[in-house]
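Structure at a glance
Chain by chain, the residues:
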Amino acid sequence: MNRSPIQRMSAKRRAALAEAGNSNPYSTLTYGTWPDKSTGIARRPPSPTARPVYTGPDATTVALVIERDQGRCVRCGVEQTGERGWDWSVQHRRARGNGGTRRPDTNTAPNLILLCGSATTGCHGWVESEREAARPFGWAILSTDNPALKPIDHAVHGRVWLTGDGGWTTTEPAVGA
C-alpha cells in the first residue's frame, strides 16, 4: 500500500517543523535552505562557484619565451602579432594533461615554445593534432621526457636545447642537468 508523504510524516513531526518556522510542514526541505520569494518553496542556496585554478606559466616566464623566440613561431618563423590564444600561443612541449600536472618543470622555459595559431589552428593546431610527427623536431615531447634534455628544431635558432633561464644553447646538456 502506497502512502502519501503527508501520511508518512507523523503529526508530532509536522508540528515540530511548523513550530521551527517551516511554512510548509509537509516538507522536510528546511535545513540549510532558503525560501524562493516567488513561490515560497524552500530551496537550497546556490553553491559558491569555484574559480578555475590557472595552471599555466606566469607572465615573467611567458615574456622570457617570447624574447627567446624573438616573437616568432618556432615552427614556421612567422612574426607573431594579435591576440594570445587566438593568433598565437605559448605551447607546452610536454603536455600538461587534463587538469594540469604537479611536475615542477611544466611551466618552465625549456618546456614552452611560441607557436602561431590556437590549439586548433596554425602551427599550434598542427602540433596538437600531429604530436607523433612533431616529436622528431622537438615541438612535442613525451610525458616522460625532460624538456631541458630534448633538442628542438627552432625556426630562428636552428637545432638547439632550451635552457631554464629563457635562453638556448647549441651544446647538448649533460644528462644530470
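Before reading on, note that the structure itself is shown above.
Residues numbered from 1 in each chain as written. Predicted model: local features only at pLDDT ≥ 70, side-chain atom pairs only at ≥ 80, totals over all residues. Heavy atoms only, no water.

Generally speaking, soluble globular proteins have nonpolar side chains that are buried together. Ranked by size, the top nonpolar core spans 13 residues in total, and within it Val74, Ile113, Leu115, Val127, Trp139 and Ile152 carry the most contacts. Those elements giving two or more residues to this core turn out to be β4 (112–116), α4 (122–129) and β6 (158–162). Ranked by the residues each element gives to this core, the list is headed by β4, at three residues. Excluding residues that lie within four positions of it along the chain, tryptophan 139 makes contacts with Val74, Arg75, Arg93, Ile113, Trp126, Val127, Ala134, Ile152 and Asp153. The next biggest cluster of nonpolar side chains, apart from the first, holds seven residues, and it includes Val62, Val65, Val90 and Leu112. (Core = buried A, V, L, I, M, F, W, Y, C linked by side-chain atoms within 4.5 Å. Buried < 20%, exposed > 50% of the residue type's maximum accessible area, 1.4 Å probe, protein only. Helix = DSSP H or I, 4+ residues; strand = E, 2+ residues; numbered from the N terminus. Contact = heavy atoms within 4.5 Å.)

Scanning all chains against the criterion turns up two aromatic pairs. With a centroid separation of 6.1 Å and 80° between ring planes, the pair formed by tryptophan 126 and tryptophan 139 is classed as edge-to-face. Remark: tryptophan 139 occurs in the loop between α5 (131–134) and β5 (152–154) and tryptophan 126 occurs in helix α4; sequence separation between them is 13 residues. Relative to tryptophan 139, the ring of phenylalanine 137 has its centre 4.5 Å away and its plane inclined at 15°; by these criteria the two rings are stacked. (Phe/Tyr/Trp six-rings, centres within 6.5 Å; stacked < 30°, edge-to-face > 60°.)

All we've got here are geometric facts, nothing functional implied.
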